[in-house]
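# Close look at the chain arrangement
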Amino acid sequence: MSDHDSVPGTPGFTTSILHSDRGAPIEHGALHKPLHLSVAYGYRDVDELAAVFQNRKQGYAYGRQGNPTTAALEAKVTAMEGGVGTVCFTSGMAAIAAVLLALTREGDHVLSSHYVFGNTNSLLGTLAERGADVGFADATSVDAVRAALTPRTRIVFVETIANPRTQVADLERIGALCRERGILYVVDNTMTSPWLFQPRTVGAGLVVNALTKYIGGHGNALGGAVTDTGLFDWPAYPNIAPNYRSQKPAQQGLVQLRKKGLRDFGATLSAESAHHLAMGAETLALRMDRQCANALALARALDVHPKVAAVHYPGLTSHAEHARARSLFRHYGALFSFELAAGVDTSAVLNRLQFVALSSNLGDNRTLAIPVAQTIFYEMGAARRAEMGIAESLVRVSVGIEDERDLVADFAQALAG
Ligand SMILES: *Cc1c(COP(=O)(O)O)cnc(C)c1O
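Residues numbered from 1 in each chain as written. Predicted model: local features only at pLDDT ≥ 70, side-chain atom pairs only at ≥ 80, totals over all residues. Heavy atoms only, no water.

## Here's the deal with the environment of Lys260
- By secondary structure assignment, the location of Lys260 is in helix α10 (residues 252-263).
- Accessibility expressed as a relative area gives 31% for Lys260, which makes it partly exposed.
- Between the C-alpha atom of Lys260 and that of Ala281, which follows or precedes it by 21 residues, the distance is 27 Å.
- Non-local contacts of Lys260, meaning those with residues more than four positions away in its chain, are made with Ala102, Ala241, Tyr244 and Phe265. (Helix = DSSP H or I, 4+ residues; strand = E, 2+ residues; numbered from the N terminus. Buried < 20%, exposed > 50% of the residue type's maximum accessible area, 1.4 Å probe, protein only. Contact = heavy atoms within 4.5 Å.)

## Considering the sheet that holds strand β2 (residues 109-113)
- Taken together, the seven strands give an open sheet; going across it, the order is β1-β7-β6-β5-β4-β2-β3, and neighbouring strands pair in mixed fashion. Only two strands of the sheet have a single neighbouring strand rather than two, namely β1 (85-89) and β3 (133-137). Neighbouring strand axes in the sheet, compared pairwise and without regard to direction, differ in orientation by 20 degrees on average.
- The sheet contacts of helix α6 (residues 118-129) involve β2, β3 and β4 (153-159), and relative to β3 the element is tilted by about 145 degrees.
- Here α10 sits on the sheet and contacts β1 and β7 (224-228); the angle it forms with β1, its principal contact strand, is near 10 degrees. (Pairing = 2+ DSSP bridges. Axes fitted to C-alpha atoms, helices over the stretch in contact; angles between N-to-C directions.)

## A few points about the site of the ligand
- Around the ligand sit 14 residues in total, of which Gly92, Met93, Asp188, Thr212 and Lys213 are the nearest.
- The contact in question runs from an oxygen atom of the ligand to an N or O atom on the backbone of Gly92, over 2.8 Å.
- Within the side chain of Thr212, one N or O atom sits 2.6 Å away from an oxygen atom of the ligand.
- Tallied by class, the residues present in the shell around the ligand amount to five nonpolar, six polar and three charged. (Near = heavy atom within 4 Å. Polar contact = N/O pair within 3.5 Å; in protein donor to acceptor, adjacent residues only side chain to side chain. Nonpolar A, V, L, I, M, F, W, Y, C, P; charged D, E, K, R; others polar.)

## Some thoughts on the sheet that holds strand β9 (residues 335-340)
- Read from one edge to the other, the open sheet built from five strands follows the order β8-β9-β12-β11-β10, with strand pairing classed as mixed. Since the sheet does not close on itself, it has two edges, and those belong to β8 (308-312) and β10 (357-358), each with one partner.
- Where β8 and β9 come together, four bridges link them in antiparallel fashion. Opposite Val311, over in β9, you have Phe338 as the bridge partner.
- Running at roughly 15 degrees to β9, helix α12 (residues 284-303) makes contact with β8 and β9 of the sheet.

The following block contains the structure:
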């Protein structure tokens, strides 16, 4: 499943997801991994019990650190990202919080893109209030990122396509910079998903996916994942605790993340949610192909509409990072945002939409729209919104799998009003 489905002789992206549970025999020949609801596990003897607790033997210690249903989902995400291992969490935010808390120490500097998900921005602020050294830079330019590094920078955090203004980070050059400086490069791949892009290809050490969004796809389960690409030199990372230094080099980061990030904080994905998300993952490629095609058609239609002042979508040739998006991603994503012309009442237009639901989620099969400044980016205030390039009239649209003509017609009638 690596390199965007292009390795000859290996099963493709969707084939691999569909059949991955059959790698180990399942009771009664079931084609789905069953839901394992047991919190506790039994062992043959004390030796086996101790070996599982010390990570010398594959097994389950306690439900808070994972269960077999979630492990099956983790294996799917690892394969989709072409990585070496994955730890799942109860939400995308739990995954991001675990990375930042389990892999940093006092005195470390964390550098984040200016253009990140609103709650990620809020989390970074919370950490800063507790004394963490957090900085921001315009990640569309490697020069801005380089200028913001300090000798204590341990983590650089970026999103692929930023939500909601769709800036595309200078992913490749930032990856090279992090490799050169030995900095852990963490890429939130939620907006592209592993079907459009694998951050491993630009040198990411860890990849975050909010499974809630495209991978789950149906808006019926929260979940998050952190995948180790196998590229980062964990033995050289100063923050691996002595206890985990005895692990194989490639596993040290994920073992610390599972222990300190999952076990100690307890944001464990339930087996039921893991099952929903694994079902969704089976159709990721099919859904995203259609969603991205719909998004391009809709963005083009709005772009030439007289009542629309601006459309932000990497698929438009007018987008500042259009060429970068074309060279890095399979498609341009399924999310865009737009600003209405002066004097047009944004609320009135949105209230006239019929198929499009007013909702804060994204990545659902249904098309969802939301006015940004009044809702998801309300709390941060006007000054920070301006810094992030978010106009007060900005509307974000997460495009679903409806029939293209229905979506185009819905926006046309809402704008005609
Ligand atoms: C939604 C989202 C998250 C957080 O995911 P949750 O599962 O909602 O906690 C993180 N990053 C990005 C880019 C997102 O869109």
